[in-house]
Amino acid sequence: MPSTAKYPFAAIPAPALLAAALLVLAPTSPACSADNPAAEGAGQVEQSATHPAAAKPAGKNPVLTLDDLVGIALEHNKGIEAARQRVAQSDGELTQARAAYLPRVEVAGTYSYVHRKDVTSLLTEDGGVVAPTATESEEVVNDDVAHASAEVSQLLYDFGRTGGAIAAERSNREAAEAALGKQRNATIFQVKKEYYNVLEKMRLVEVAGDSVASFAQHLERTRKYLQAGVRTRVDVINAEVEHANARMNLSRAGYNLQIARTALDQVLGTRPNQGRYRLADKPVESGSLPATLPTVDENVDALIERAVQARPDLRRLDHLIDAAQAGLEKARGDYFPSITANARYNDYDTGLSLYQDNMEAGVTATWELFSGFRTAGAAAAAQGRVLEHRAQLQDLRLLIAREVTESWLRTAEARESVGIARQTLELARENLVLAEKRYETGAYDVLEFNEAQRTLTKTRNDLVVSYYGYLTSLAALDYAIGS
C-alpha cells in the first residue's frame, strides 16, 4: 500500500521510486532531488552577477524563491530589455523635437581658385561708373579665394508647430514608459506561471514515482502468490504490464519536467548558476485544503475599478491620445508662417577686390502658401489618430472588465476544483485500501486492484493540477488588475 504524503498530491517516494526518478531527471538537472519531499524544483538558468542569488556559490545548488526568479527576470528578460530600448528611443526623439527651440550655429569654409576679368576698375571711389580703357577691359585676374563663414539662427515663433511636436514626443515617451510597465507585469505573470508549472510537473513526477513503487510492490506480491499457488500466471503478467505502464508514465513526467524548466529559462532570459539550483516551495498538508489556499476579493466590481486605475496599457492609450492631439496641433501649425532671426559673418582671404569681409543680420518669415494639400492631409491624418486611439481606449475598458471578470471566475472555479479533488483523493485512497484487502483475501481479481491503483494516481494528478492551477489563476487575476 502506498504511503501517504505530507503534500496534497504526493507521498514520500520509496527507495525504488528514488532510483527511478533519479534516472529520469539526472541527465539535465543535477540539482533535482527526488528524495526530497519538499523538492524545490530544479531549473537550468545562468547566474546573474548583480542579483542576490549570484552571491550564492556556484555548485552549491542555491534555493531560489519566486521573488528571486522575478528579480532575475526583471533584470534579464529580453522583452523588458526591448521595451527599455523603446523608451530610450523616445528620449532621443523628444530631444530632437526640443532642439528646434534652441539656436542653430553653423560654420563653413571653402577654398577655390578664381580666374576672371576684373571689373573693379570700372568703379570710382564714390560708386560712379567710368568708361574702361581698352587695356582695362581686357584685364584678367587670377587668385586663390579662402572663405570662412559663421551663421546663427533662432526660431522665434511658428504658431504651435514646434510646441506640438515636443508635446507629441513627450506623450509618446510616457506611452513607452507605460508599455514598459505592461511588459514588466506580463513578465512577472509569466515567471509565476512557469514557476508553478515546474512545481506541478515535479509533483506529477512524484505521483508517477509512487505509482511505479506501488505496482512494483504489487508485482512482487503476485509473484509470491504464484509461487505459493494462490494466484495464476495471468495475475503476474497483468501486474508486469501495469508496472511497465507506470514506468512509462514516470518517464513521460520526467521529460515534461525538463520541458517546463526550459520554458522557465526562456522567461528568465538567462541561466543562473548554470542551471544548478532548486526552487523553493512550501509544503501543504492535504487535510488543510482548500482552507489554507490564498483568498481573493469577492467583489469583482472593486477589482475592475482597481484594474482601470492600475493597468499600464490603459495609461499608454491615454498618452497616445495626448500625443495624437499634439500631433494635430503640429500639423495645423503648417498653415501659418514660421519666423526666424539669423545673423551671418563672411570672412575672405584673397587679393580679389570683389570679395570683401561682411556681416548681415535680420528676421526671416517663411510662409508656404500652397503645399499641394499636404498640410490638409497631415491634419486629417492626425485627427484620425485621435479618434482611433479614443475608440481603442473605450474598447480596452470593456476588455479589462471582461478579463478581470473571467480571471475572477476561473479563480473561483479552480478553488472549488481543489476542494473536490481533495475529497475525491480521500475516497480513492480508501478504495485502494479496501481493494488491497479484498485482493489479499481473494474476493477481488487483479484487474479491480489495478483499477483502484490507477484511480488513486489519477485523483492525485487531478489534485496537483487543480492546486497549481489555482495558484496560476491567482497570478492571472493579479495580472488582469495590473498588480
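This text gives an overview of the structure that appears in the document. (Residues numbered from 1 in each chain as written. Predicted model: local features only at pLDDT ≥ 70, side-chain atom pairs only at ≥ 80, totals over all residues. Heavy atoms only, no water.)

A few points about the overall build of the protein chain
Along the protein chain, the regular secondary structure elements total 10 helices and 7 strands. The burial tally for the protein chain puts 41% of its 483 residues in the buried class. Excluding contacts between residues fewer than 6 apart, the proportion of contacts in the protein chain whose partners are at least 24 apart in sequence is 84%. Element-wise, carbon and sulfur atoms account for 55% of the exposed surface of the protein chain, whose accessible area totals about 25,200 Å². (Helix = DSSP H or I, 4+ residues; strand = E, 2+ residues; numbered from the N terminus. Buried < 20%, exposed > 50% of the residue type's maximum accessible area, 1.4 Å probe, protein only. Contact = heavy atoms within 4.5 Å. Areas by Shrake-Rupley, 256 points an atom, 1.4 Å probe, with all protein chains shown as cover.)

Re a nonpolar patch on the surface
Judged by side-chain polarity, Leu156, Tyr157, Phe159, Tyr335, Phe336 and Val363 come together as a nonpolar surface patch covering roughly 600 Å² of accessible area. Checked against the element boundaries, Leu156 lands in strand E4 (residues 140-157). For Leu156, a relative accessible area of 49% puts it in the partly exposed group. (Patch = residues over 30% accessible without salt bridge, like charges linked within 9 Å, V, L, I, M, F, W, Y side chains within 5 Å. Salt bridge = Lys/Arg side-chain N within 4 Å of Asp/Glu carboxyl O.)

What to know about the side chain of Thr411
By the element assignment, Thr411 lies in helix H9 (residues 374-441). Here Thr411 is in contact with Val296, Tyr470, Ser473, Leu474 and Leu477, once residues within four sequence places are set aside.

A few points about the pattern of salt bridges
Opposite charge on two side chains makes pairing possible when the charged atoms of those side chains draw close. All told, the structure shown has 21 salt bridges when counted by the stated rule. Residue Glu206 pairs with Arg203 through a salt bridge whose shortest N-O separation is 3.1 Å. Residue Glu206 and its partner Arg203 are both found in helix H5 (residues 161-228); the two are separated by 3 residues, about one turn of the helix. Each member of the pair, Glu206 as well as Arg203, is classed as buried. Ionic pairing is found between Glu403 and Arg311, a salt bridge with its closest N-O pair at 3.0 Å. A residue pair is termed long-range when its members are at least 10 positions apart, and Glu403 in helix H9 and Arg311 in the loop between helix H7 (300-310) and helix H8 (312-333) qualify at 92 residues.

Details of the nonpolar core
With 47 residues, the main nonpolar core has Leu69, Val191, Leu268 and Leu279 as its most contacted residues. Of all the secondary-structure elements, those providing two or more residues to this core are helix H2 (66-76), H5, helix H6 (233-268), strand E5 (277-279), H9 and helix H10 (446-480). With 12 residues, the single largest contributor to this core is H5. Excluding residues that lie within four positions of it along the chain, Leu69 makes contacts with Leu64, Val191, Tyr195, Leu264, Leu268, Tyr277 and Leu279. In terms of nonpolar packing, the next biggest core, distinct from the first, is built from 16 residues, Leu303, Ile304, Leu317 and Ile321 among them. (Core = buried A, V, L, I, M, F, W, Y, C linked by side-chain atoms within 4.5 Å.)

Considering the packing of H5 against H8
Orientation of H5 relative to H8, taken along the N-to-C sense of each, is 165°, at an axis distance of 7 Å. The orientation of H5 with respect to H8, classified from their angle, is roughly antiparallel. For the crossing formed where H5 meets H8, the hand is left-handed. Taken together, the residues of the contact of H5 with H8 break down into 10 nonpolar, 8 polar and 9 charged. (Axes fitted to C-alpha atoms, helices over the stretch in contact; angles between N-to-C directions. Parallel < 35°, antiparallel > 145°, perpendicular 65-115°, else oblique. Left-handed = near helix turned anticlockwise from the far one by under 90°. Nonpolar A, V, L, I, M, F, W, Y, C, P; charged D, E, K, R; others polar.)

With respect to the packing of H2 against helix H3 (residues 78-98)
One way to put it is that H2 packs onto H3 with a least axis distance of 6 Å and a crossing angle of 45°. With respect to their mutual orientation, H2 and H3 come out oblique. Taking contact as the criterion, the partners of Ala73, Leu74, Glu75 and His76 in H2 are, on H3, Lys78, Ile80 and Arg84. Looking at the contact of H2 with H3 residue by residue, the class counts come to 3 nonpolar, 1 polar and 3 charged.

A short note on the packing of aromatic side chains
On inspection of all chains with the given rule, the structure shows 7 aromatic pairs. The ring of Phe449 is capped by Arg221, whose NZ or CZ atom sits 5.4 Å from the centre of that ring. (Phe/Tyr/Trp six-rings, centres within 6.5 Å; stacked < 30°, edge-to-face > 60°. Lys NZ or Arg CZ within 6 Å of the ring centre and 35° of its normal.)

A few points about the pairing of strand E6 (residues 338-349)
Where E4 meets E6, 11 bridges bridge the pair, whose relative direction is antiparallel. Paired with Glu151 across the strands is Arg344, a residue of E6. Bridging between E6 and strand E7 (residues 358-366) involves 9 bridges; their strand directions are antiparallel. Each residue of the ladder has a partner; that of Ser338, found in E7, is Thr366. (Pairing = 2+ DSSP bridges.)

A look at unusual backbone geometry
Of note in this structure, Phe159 is not a glycine but carries a positive phi near 60°. Here Phe159 falls in the partly exposed class, since its relative accessible area comes to 33%. For Asn273, which is not a glycine, the phi torsion comes out positive at approximately 55°. Along the chain, the position of Asn273 falls in the loop between H6 and E5. Asn273 sits in the buried class, given a relative accessible area of 1%.

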